[in-house]
Each structure stands twice: as C-alpha cells, then as structure tokens.
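Listed here are the chains, written in short residue letters.
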Amino acid sequence: MSKTALILQHTQEERGGLFEEILLEQGWELEVLPLFSGSPLPPSIKPFGMTLVLGGPMSANDEEDYPFLKTEIPFIRRALKIGHPVLGICLGAQLMAKALGASVYRGPHKEIGWYWLSQTPSARSDRIFKQFDPYFLVFQWHGETFDLPTEGIGLAGNMAYPNQAFRIGDLTYGLQFHLEMTQPMLETWLSSWADEIKEAKPQPLTAREIYEDAQIYLDRLQAQAYRFFSGYLSLVEKGCLG
C-alpha cells in the first residue's frame, strides 16, 4: 500500500499537529493541500494510503463563501464510497457527514476548551475506541454539529453534542474534537481567535484559563492521541485484515 497521506487543509492556523508528527515517525510521507489558497484536489485518491481532513472556522454549508468546498465535498464522497481510509477532524467530520447526505447545523452553544465525552455502547467493541476510558477528556473548538450519517456508527458524545465521533466501515472515522492538539497550535488558536472566546455564550472559560488548563490536560490528551492514531495507522497499513 502507499504510505503517502493526503492532508486537506482549510485554514493557515489548522494543521495536522500531532497526527502529522506521528505519520512522519511511522515512515509516512505527507502531501498537504492548502485548499484555502487555491491548491487543486488530486485527480484520483488512489496514490494515497489515507486522507486526513482537517478543521477550520468555516461551516460545511459555506460553499458560496468558500468555493473549494464545492469540489471537496464530492471528492470526500467518492473516497468514502470506495472505502478509502479517511479521518476527519472537526470541520472534517462535518464535511464527511454532509458528503454522505447528513445535515450539518448550528449547535446549542459553542464548545471551546476542555470537555468530557462518554463512549456509546458501540465504542466498547470498536478496534480503536475500546482503548478509551468510558469517559474521556478532549479539546474542543466548534459551534456546529451534524446528524449521524446512515452508514455511521456513533462512538462518543455528550448531552449538548451527542454525535462527536463515528465510524464508517472499518477504516474511516470522524471526530468532532481535536486529539491532534499541540502546545504551539493551542497558542496560535488562542491568539488568532481570542475574540471568538469572548463572544461565545455561554462560554465558561477565558483564553487564559483554557491555556492554564492545557498545562494540566495536554499531556493526557496527547497520550490518547498517540494510542488512537498509532492504532488507526496500524489498521490502515494492514488493510484491516489483522
């Protein structure tokens, strides 16, 4: 199989973070496409071993304001339909849901900072999610949500946002939250989007408090991220035959 990962990037501030580091550690090559700056999508998904669809501040419904979404969503749909391994993060998960016909819409309030999620019963038998605790802490930055695609198996959520992780087939996952977070990414986001934190209602924490919490929780999050993404890449490399 190809060990080149295609990474679809929607904004300068959001890269693959820790996931990119793990890919490189495990001998993968990266092809990062900054779609926001006009990079075209490849004519075929076949040269790539997996696709990482990153987050972004826009909505999956903002196709008029962000024309690259008009080609990206069908591209993701084709990849999903042929069983190509896809991992979507935040906006990426919403784009995957929309590509499969599910609705994406504004949630009850924004989640920015550190939040607890609970596993669904289906997560306990999932190859990757069964290693998570029944309740686990993640980093969030989103205000929209999505309906679970017909093909999807729900894996985690909370009361406000019940659909925060899902699996399609064996090698495709959508995550509403950010396991890929690193300290430099966190500092960039808190600086670039500080006004969003101030304006979000109800938003229990300030940017400073979110940063201070990261000094407690970030190592724990990254340990989860290593287990999750290393396990995922192992499945991808084995073709889910092991």
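Please refer to the structure higher up on the page.
1. What about the overall build of the protein?
Broken down by element type, the protein carries six helices and nine strands. Taken over the C-alpha trace, the protein has a radius of gyration of 17 Å; the compact-globule value for 242 residues is 18 Å, and the two agree within 12%. Expressed along its principal axes, the backbone C-alpha trace of the protein runs to roughly 45 × 40 × 35 Å. Sorting the 242 residues of the protein into buried and exposed places 55% on the buried side. Long-range pairs, those at least 24 residues apart, make up 74% of the contacts in the protein between residues at least 6 apart in sequence. Counting every atom, the protein has about 10600 Å² of accessible surface; 51% of that belongs to carbon and sulfur. When the 20 positive and 29 negative side-chain charges of the protein are each reduced to one mean point, those points stand 7 Å apart.

2. Thoughts on the pattern of salt bridges
This structure, assessed with the given rule, holds eight salt bridges. Here Glu64 makes a salt bridge to Lys70, at a shortest N to O gap of 3.5 Å. In this structure Glu64 comes out as exposed when scored by relative accessible area, which is 65%. Judged by its relative accessible area of 40%, Lys70 is partly exposed. Residue Asp126 is joined to Arg167 by a salt bridge in which the shortest nitrogen-to-oxygen separation is 2.6 Å. Here Asp126, found in the loop between β5 (104-119) and β6 (135-146), pairs with Arg167, found in strand β8 (residues 165-168); they are 41 residues apart in sequence, far enough to count as distant. Overall, Arg167 belongs to the buried group, its relative accessible area being 17%.

3. Concerning the pairing of β8
Of the two faces of β8, both are covered, the one formed by Ala165 and Arg167 as well as the one formed by Phe166 and Ile168. Here strand β7 (residues 153-157) runs beside β8; their pairing, made up of three bridges, is antiparallel. What sits directly across from Ile153, in β8, is Arg167. Relative to strand β9 (residues 172-175), β8 runs antiparallel, the two being bridged by four bridges. From the neighbouring strand, Arg167 faces β9, where its bridge partner is Tyr173. Turn length for the β8-β9 hairpin, with the two strands adjacent in sequence and antiparallel, is three residues, and the turn residue Gly169 shows positive phi of about 65°.

4. Some thoughts on helix α1 (residues 17-25)
The α-helix advances 3.6 residues per turn, and as a result positions three or four apart in sequence lie on the same side. Within the sequence span of α1, burial applies to Gly17, Leu18, Phe19, Glu20, Ile22 and Leu23. Elements that come into contact with the buried residues of α1 comprise β1 (4-9), β2 (29-34), β3 (50-53), β4 (86-89), α4 (183-192) and α6 (207-238). Downstream of α1 by a residue or two, Gly27 has a phi angle that is positive, lying close to 85°.

5. Here we look at helix α2 (residues 68-81)
Between its first and last C-alpha atoms α2 spans 20 Å; for 14 residues at 1.5 Å apiece the expected length is 20 Å, and the two agree. Turning to α2, its buried residues are Phe68, Leu69, Glu72, Ile73, Phe75, Ile76, Ala79 and Leu80. Axial view of α2: buried residues confined to an arc of 165°, hence all on one face. Turned more than 90 degrees away from the buried face of α2 sit Arg78 and Lys81, all of them exposed. Residues of α2 that are buried sit in contact with β1, β3, β4, α3 (91-99) and β9. Residue Gly83 follows α2 closely and has a positive phi angle near 80°.

6. A closer look at the layout of surface pockets
Space inside the largest pocket adds up to approximately 320 Å³. Together, 19 residues line the largest pocket, and Gly56, Pro57, Met58, Gly143 and Glu196 are the ones closest to its centre. Breaking the lining of the largest pocket down by element, the ones donating at least two residues are α3, β5 and β6. For the lining of the largest pocket, the element with the most residues is β6, which contributes four residues. Of the residues belonging to the lining of the largest pocket, the class tally is seven nonpolar, six polar and six charged.

The rules behind the values
- Every chain is numbered independently, its residues counted from 1 as its sequence is written.
- Predicted model: local features are reported for residues with pLDDT of at least 70 only, side-chain atom pairs are reported and counted for 80 or more only, and whole-chain, interface and lining totals are derived from all residues.
- The side-chain figures draw on all heavy atoms in the structure; neither hydrogens nor water molecules are used.
- Numbering of helices and strands runs from the N terminus, with a helix taken as a DSSP run of H or I at least four residues long and a strand as a DSSP run of E at least two residues long.
- Values of the radius of gyration come from C-alpha atoms, whereas the globule rule sets the reference at 2.2 Å times the count of residues to the power 0.38.
- Buried residues are those whose accessible area, probed at 1.4 Å on protein chains only, stays under 20% of the maximum for their type, while exposed residues exceed 50% and partly exposed ones sit between those limits.
- We call two residues in contact when some of their heavy atoms are within 4.5 Å.
- The method behind every accessible area is Shrake-Rupley, applied with a 1.4 Å probe, and residues are considered shielded solely by the protein chains displayed.
- In this count, Lys and Arg are taken as positive residues and Asp and Glu as negative ones, while His and the chain termini are left out.
- Where a charge sits is defined by one atom per residue type, namely NZ (Lys), CZ (Arg), CG (Asp) or CD (Glu).
- What counts as a salt bridge is simple: a side-chain nitrogen of Lys or Arg found within 4 Å of a carboxyl oxygen of Asp or Glu.
- Strands are treated as partners if at least two bridges between them are detected by DSSP.
- A helix is expected to reach a length of 1.5 Å times the quantity of its residues less one.
- To be clear, the arc concerns the directions from the helix axis to the C-beta atoms.
- Only protein atoms enter the 1 Å grid, on which a cavity is a set of points fitting a 1.4 Å probe that cannot get out and a pocket is an open set with protein on both sides within 12 Å along at least 5 of 7 lines, lining residues being those with an atom within 4 Å of a point.
- Grid points are joined across faces, edges and corners, and a volume is the space filled by probe spheres set on the points.
- Note on residue classes: Ala, Val, Leu, Ile, Met, Phe, Trp, Tyr, Cys and Pro are nonpolar, Asp, Glu, Lys and Arg are charged, and everything else, Gly too, is polar.

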